[in-house]
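In case you want the letters, here they are:
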Amino acid sequence: MGLTATDTASVLAIDAGNSKTDVAVVTTSGEVLATARGGGFRPPAVGVGPAMDALAEPVGRALADAGLPAVSHVSACLANADLPVEEEQLATALHARAWGGSVEVRNDTFAILRAGVAEPRGVAVVCGAGINCVGMRPDGRTARFPAIGRISGDWGGGWGLAEEALWHAARAEDGRGGPTALAGTLPAHFGLPSMYALIEALHLGHVEHDRRHELTPVLFATAAAGDPVARSLVDRLAAEVATMATVALTRLELLAEETPVLLGGSVLTAGHARLDDGVRELLAARAPKADVRVVTAGPVLGAALLGLDRLGAGAAAQARARAHWETGLPRARGRQQATT
């Protein structure tokens, strides 16, 4: 359907991750006019211009389906917008596309946070390929981390866990480290007989570099089977998640108030019992007022709600938009059934 000049203003909501992009056009009454999905958004790998060109494909489809040449406001939550200066650069690039009258760019972790709360107040920790944490208050104050890898103090994320598992498994096989079942389960995943064979295959490209992320579920399965080394890595991740959330709550002066702490990303939403229990137990001790929830709605909802916040849409409009993505989904849930 389309809008006429007398219709309400609209938001172009963008949630662009490393592997996929979701786009939606939403009116300030909360009606979702159109949605579209595209590929990953990776400016560091391909450059800002080509990344924007890739983004233009799903945006163009969504605007066409909504019957709009442009919108009032673009609310974009983007992967790889890790520093404020990067948000500014990407906002400039988006504004040049003339998709909306105004543009606001945030790191994609803010989309997870806003999707899980009724107002822009709380903390979110996301663990997928990488790990990040943000917090926000309705008065505009935020807490965040650079989240660009080890140089900014990060530990964890799917890629990091896979690397740690490979390190321990390699040392276990050649005698530099203690024994771990990972030395067998990691190469077995690729049908290989030993860590030496896996190391060779990874080094020579016989196993593609991007397939390393497949080892993260293997790590969790090995931990669930009782391997002490694999369990220690899961426990370390739980401690890192709890630490990031506690620091963000402290920065925002929310540690003493009942505050939502949202968990998102493929690792934290997979229902790994040891990880889930560890995060909750540590937060119960360090931040007893934290209300820990797993976010189930798509992050593009968060981008849409942030856009509606910017345009001053009321609670009814936000509830209408939320219902579009949350129909049939639990609003918040505790520990899931374990999967790998």
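As shown above, the structure is provided for reference.
So, here's what we can say about the structure. Think of each chain on its own: its residues are numbered from 1, step by step along the sequence as written. With pLDDT at 70 or above as the cut-off, local features in this predicted model cover only qualifying residues; side-chain atom pairs require 80 or more to be listed or tallied, and sums for whole chains, interfaces and linings still use all residues. Note that water and hydrogens are dropped before the side-chain values are worked out from all heavy atoms of the structure.

## Focus: the sheet that holds strand S1 (residues 10-16)
Link 1 in the chain: Ordered by their spatial adjacency, five strands build an open sheet running S3-S2-S1-S4-S5, and the pairing between neighbours is mixed. Two strands bound the open sheet, and with one partner strand each, they are strand S3 (32-39) and strand S5 (100-107). When the angles between neighbouring strand axes are averaged without regard to direction, this sheet yields 15 degrees.
Link 2 in the chain: Strands are labelled as partners when DSSP assigns at least two bridges between them. A helix here means a DSSP run of H or I that spans at least four residues, while a strand means a run of E at least two residues long, and both kinds are numbered starting from the N terminus. Where S1 and strand S4 (residues 71-78) come together, six bridges link them in parallel fashion. By the bridge assignment, Ile 14 is partnered in S4 with Ala 76.
Link 3 in the chain: Only heavy atoms matter for contacts: two residues are in contact if any of them lie within 4.5 Å across the pair. Only the stretch in contact is used when fitting a helix axis, every axis being a line fitted to C-alpha atoms; angles between N-to-C directions are given from 0 to 180 degrees. Each of S1, strand S2 (20-27), S4 and S5 touches helix H11 (residues 299-310); the most contacted strand, S1, lies at about 145 degrees to it.

## Observations concerning helix H6 (residues 182-189)
Link 1 in the chain: Every buried residue of H6 is listed here: Leu 182, Ala 183, Leu 186 and Pro 187. One side of H6 holds all its buried residues, which, seen down the axis, span an arc of 115 degrees.
Link 2 in the chain: Buried residues along H6 sit against helix H5 (157-174), helix H7 (195-204), helix H8 (215-224) and helix H9 (228-251).
Link 3 in the chain: Of the residues trailing H6, Gly 191 is marked for its positive phi of about 75 degrees. Categorising residues by exposure relies on relative accessible area from a 1.4 Å probe, with only protein chains included: less than 20% of the type maximum marks a residue as buried, more than 50% marks it as exposed, and the intermediate range marks it as partly exposed. Here the arc refers to the set of directions running from the helix axis out to each C-beta atom.

## A closer look at the pairing of S5
Link 1 in the chain: Sheet topology places S4 next to S5; seven bridges connect them, and they run parallel. Paired with Cys 77 across the strands is Arg 106, a residue of S5.

## Looking at the sheet that holds strand S8 (residues 142-144)
Link 1 in the chain: Pairing in this open sheet of five strands is mixed, and the strands run S8-S7-S6-S9-S10 from one edge to the other. Either end of the sheet is taken by a strand with one partner, and the two such strands are S8 and strand S10 (290-294). Between one strand axis and the next, the sheet turns through 15 degrees on average, direction left out of account.
Link 2 in the chain: The pairing of strand S7 (residues 131-136) with S8 spans three bridges and is classified as antiparallel. Counterpart to Met 136 in the pairing with S8 is Thr 142.

## Quick word on the pattern of salt bridges
Link 1 in the chain: Within this document, salt bridges are pairs made up of a side-chain nitrogen of Lys or Arg and a carboxyl oxygen of Asp or Glu, the two lying within 4 Å of each other. According to the stated counting rule, one finds 17 salt bridges in the structure shown.
Link 2 in the chain: Salt-bridge contacts for Arg 322 lead to Glu 326; the nearest nitrogen and oxygen are separated by 3.0 Å. Residue Arg 322 and its partner Glu 326 are both found in helix H12 (residues 315-326); the two are separated by four residues, about one turn of the helix. With respect to class, Arg 322 is no different from Glu 326; both count as buried.

## As for the state of the cysteines
Link 1 in the chain: Cysteine sulfurs are considered disulfide-paired once they come within 2.5 Å of each other. Overall, the coordinates contain zero disulfides when judged by the stated rule.
Link 2 in the chain: There is no disulfide at Cys 127, and the cysteine sulfur nearest it, in Cys 133, is 12 Å away.
Link 3 in the chain: Judged by relative accessible area, which is 0%, Cys 133 ranks as buried.

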